[in-house]
Amino acid sequence: MSSNYDVIVIGAGPAGYVAAIRAAQLGLKTACVEKWINKQGKPALGGTCLNVGCIPSKALLESTELYDQARHKFADIGIQTGALSMDVPTMIARKDKIVQELTGGIQQLFKANGIDWLQGSGKLMADKRVQVTASDSSAQEYTAGNVIIATGSVPIELDATPLHTDIVVDSAGALDWESVPERLCVIGAGVIGLELGSVWRRLGSEVVVLEAFDTFLPMVDTAVAREAMKIFKSQGLDIRLGSRVMGSKVNGQEVEISYKDANGDATLKADKLIVAVGRRAYSNEVVSAEANIGMDERGLVHVNEHCETNIPGVYAIGDVVRGPMLAHKGSEEGVMVAELISGGYGHVNYDVMPNVIYTHPEVAWVGKTEQQLKSEGVDYQAGSFPFAASGRAKAKGDTGGMVKILRDKASDRLLGAHVIGPGASELLGQSVLAMEFDGTIEDIARTIHAHPTLSEAMHEAALSADGRAIHIANRRRS
Ligand code: FAD
Ligand code: AMP
């Protein structure tokens, strides 16, 4: 194996492996350093996303959603099942198989693109030298014309609630329980806390979610967040806002959690506790002082709009830099950087970044929220359409939620789209595309949407912005 490359990527999550593949496609001699050891004790590519994040969580959300439907919906739609039972170990095994197939797929793609996988822990030294330490502690040094730091993030741990075997766990630990806890507490009502809380709630756990903030999902459009709270509560998720966790203590097989809310000090007991209080950039351990890379006190690597650090030829992408911690954000940055390195053009449109919470119903949004537009003093108009009025949603028996769109009054441009409802993640795609193409509400209104589809709700929301919706009574405009 050579020791000199055009590009060395450190980290093979969705940011790093995509950067490596694109760089190799562009003819650059590329290596990727990755240290991940998977559940089976084998080196693996794919990072957090494929191993313990996006993919395994969605596999369990799918299994548990189907189980929940079988329990609560099948009889209503005319399906009798007889006695229903769950098989959690099979759900976990299915999830593990999907992970292994996908991470194995990245390995194949690396081979097909001629990318060298340098197994071990990489450290960036001065002059774009990368030291790789293998699991047997042997170290080797490589040099590169360009280095891309793509070392991602790790869960934030709270000193007051230390992880404890499989009783107090982070998000990764909560993907591997083979039996259903009777009482589950989740710290943090963010995206990860809500998704994991939903998984175990659907399987029968009593779930309490403790959230320090008084506002539920502050980054989501207020109307959508309100609807989400109502629906999640009806599903039995006990979400307690304004509840700051102060500590936890494991006693035998249970854990006692102490927290403060508006009424003072409180405690609750649970069989399992998930700490889902956010993630921190993983950088300090990766960059030596001699590399002289600028970072902030939280470990975020400083980069410009092209993801270049203060050292020319050293880039950083994905969770380790500013911006939302999302797989697709990191991947797009990876493509941009590879294209810039090869002398091409690269750009990421951070204003048009889709976000999804994969609960049921899903919550998905792009662009500005109504509260943001208000605070920015933008002259906007909102349009919305409830799934209760959608023929397709009725046929599916899944009518909770709505589509809401926001347009600039003067230019008619789409400023934001917010969906809570069935298939919201897929439905959002058309708004993302419309915004990327600088589309207007009139463009969506004039686009033919197949009937009956959930996408008609987006069409009707666009029409409703200026009182033209067909299947709801429009508010009279003076
Ligand atoms: P990572 O995926 O964290 O990858 C970084 C890689 O770098 C790791 O493989 C690590 O081993 C490696 N590495 C670190 N240091 C070194 C070193 N010194 N040497 C060698 N290798 C190193 N995002 C979404 O967009 N959609 C979702 O549905 C979603 N669901 C999620 C669910 C959960 C439970 C979690 C935890 C996260 C979820 N995310 C989701 C977030 C998503 O996983 C991250 O945004 C994404 O993985 C970031 O990609 P990345 O490549 O920057 O970093
Ligand atoms: P996210 O960053 O989206 O993953 O969400 C993490 C959530 O955890 C945020 O909404 C935080 O307010 C919340 N959080 C952080 N620390 C605590 C704590 N000690 N008690 C309760 N909630 C917390």
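What you are looking at is a predicted structure, and each value in this text was computed from that prediction instead of being measured.

Draft legend 1. Up close: the pairing of strand 21 (residues 402–408). Extensive coverage of strand 21 is indicated by the burial of seven of its seven residues. Note that strand 20 (residues 380–386) and strand 21 share seven bridges and pair antiparallel. Across the sheet, Gly383 pairs through a bridge with Ile405, a residue of strand 21. In terms of strand pairing, strand 21 meets strand 22 (residues 414–421) through six bridges, oriented antiparallel. Bridge pairing in strand 22 links Lys404 to His418. Once strand 21 ends, the chain turns through five residues before running back antiparallel as strand 22, passing Asp412 with a positive phi of about 70°.

Draft legend 2. Representation of the site of ligand 2 within the structure. Around ligand 2 lies a shell of 15 residues, among which Gly188, Glu211, Ala212, Ser243 and Val245 are the nearest. Take Ala212: an N or O atom from its main chain is 3.0 Å from a nitrogen atom of ligand 2. With respect to ligand 2, the backbone of Val245 contributes an N or O atom lying 2.9 Å from a nitrogen atom. Look at ligand 2: alone it shows 510 Å² of surface, and the protein chains cover 75% of it. Looking at the shell around ligand 2, its residues break down into nine nonpolar, four polar and two charged.

Draft legend 3. Just the site of ligand 1, in detail. Of all residues adjacent to ligand 1, which total 37 residues, the nearest are Glu34, Thr48, Lys58, Gly122 and Ala327. The contact in question runs from an oxygen atom of ligand 1 to an N or O atom on the backbone of Met325, over 3.3 Å. Considering ligand 1 on its own, with 990 Å² of exposed area, one finds that the protein chains cover 95% of that surface. Elements with a minimum of two residues in the shell around ligand 1: strand 2 (30–34), helix 2 (47–52), helix 3 (54–72), strand 4 (121–124) and helix 7 (327–341).

Draft legend 4. Here's a closer look at helix 1 (residues 16–25). Of all ten residues in helix 1, eight are buried; the element is thus mostly enclosed. Those residues of helix 1 not exposed but buried are Gly16, Tyr17, Val18, Ala19, Ala20, Ile21, Ala23 and Ala24. In this fold, the buried residues of helix 1 make contact with strand 1 (4–10), strand 2, helix 2, helix 4 (88–112), strand 6 (139–149) and helix 7. Phi turns positive one or two residues past the end of helix 1, at Gly27, with a value near 90°.

Draft legend 5. Spotlight on the domain arrangement of the protein. Domain annotation of the protein identifies domain 1 (4–155 + 280–348), domain 2 (168–277) and domain 3 (352–464). Domain 1 and domain 3 are separated by 30 Å when their C-alpha centres are compared. Facing nine residues of domain 1, the contacting portion of domain 3 comprises eight residues. Buried area between domain 1 and domain 3, summed over both chains or domains, comes out near 660 Å², and the portion from carbon and sulfur atoms is 65%.

Draft legend 6. Up close: the nonpolar core. Within the largest apolar cluster, 39 residues are counted, with the highest numbers of intra-cluster contacts made by Phe216, Leu217, Val220, Ile239, Ile274 and Val363. By residue number, the principal contributor to this core is helix 6 (residues 222–234), which donates seven residues. Leave out the neighbours within four places in its chain, and Phe216 touches Ala189, Leu194, Ala225, Ala228, Met229, Phe232, Ile239 and Leu241. Cys49, Ile115, Ile317 and Ala338 belong to the second-largest nonpolar core, a separate cluster that totals 33 residues.

Draft legend 7. Structural context of the packing of helix 3 against helix 5 (residues 191–202). Contact geometry of helix 3 with helix 5 gives a least axis separation of 9 Å together with a crossing angle of 40°. At the point where helix 3 passes helix 5, the crossing takes the left-handed sense. Between helix 3 and helix 5, the residues in contact are Ser57, Lys58, Leu60, Leu61, Thr64, Glu65, Tyr67, Asp68 and Arg71 and Glu195, Ser198, Val199 and Arg202, respectively.

Draft legend 8. Structural view of unusual backbone geometry. The omega torsion of the bond from His360 to Pro361 falls at -5°, within 30 degrees of zero and hence cis. Among the structural elements, Pro361 can be located in the loop between strand 18 (355–357) and strand 19 (362–367). The omega torsion of the bond from His451 to Pro452 falls at -5°, within 30 degrees of zero and hence cis. Within the element layout of this structure, Pro452 appears in the loop between helix 11 (441–446) and helix 12 (456–464). Look at Thr165: it is not a glycine, yet its phi comes out positive at around 35°. Counting through the fold element by element, Thr165 comes out in the loop between strand 7 (153–155) and strand 8 (168–169). In this structure, Asn292 is a non-glycine residue whose phi angle is positive, near 60°.

Draft legend 9. Examining the environment of Ile311 more closely. Position of Ile311 relative to the elements: it lies in the loop between strand 16 (279–281) and strand 17 (314–316). When its relative accessible area of 24% is taken as the criterion, Ile311 is described as partly exposed. For the pair Ile311 and Ile106, spaced 205 residues apart in sequence, the C-alpha separation works out to 29 Å. Contact partners of Ile311, with chain neighbours within four places excluded, come to Ala291, Asn292 and Ile293.

Draft legend 10. Seen up close, the environment of Gln253. Looking at the secondary structure, you find Gln253 in the loop between strand 12 (244–251) and strand 13 (254–261). Along the chain, Gln253 and Ile167 lie 86 residues apart, while their C-alpha atoms are 7.4 Å from each other.

What counts, and where the lines are drawn
- Residues numbered from 1 in each chain as written.
- Chains lettered and ligands numbered in written order.
- Predicted model: local features only at pLDDT ≥ 70, side-chain atom pairs only at ≥ 80, totals over all residues.
- Heavy atoms only, no water.
- Buried < 20%, exposed > 50% of the residue type's maximum accessible area, 1.4 Å probe, protein only.
- Helix = DSSP H or I, 4+ residues; strand = E, 2+ residues; numbered from the N terminus.
- Pairing = 2+ DSSP bridges.
- Near = heavy atom within 4 Å.
- Polar contact = N/O pair within 3.5 Å; in protein donor to acceptor, adjacent residues only side chain to side chain.
- Areas by Shrake-Rupley, 256 points an atom, 1.4 Å probe, with all protein chains shown as cover.
- Nonpolar A, V, L, I, M, F, W, Y, C, P; charged D, E, K, R; others polar.
- Contact = heavy atoms within 4.5 Å.
- Domains from an automatic or database assignment.
- Buried area = accessible area lost by both parts, 1.4 Å probe.
- Core = buried A, V, L, I, M, F, W, Y, C linked by side-chain atoms within 4.5 Å.
- Axes fitted to C-alpha atoms, helices over the stretch in contact; angles between N-to-C directions.
- Left-handed = near helix turned anticlockwise from the far one by under 90°.

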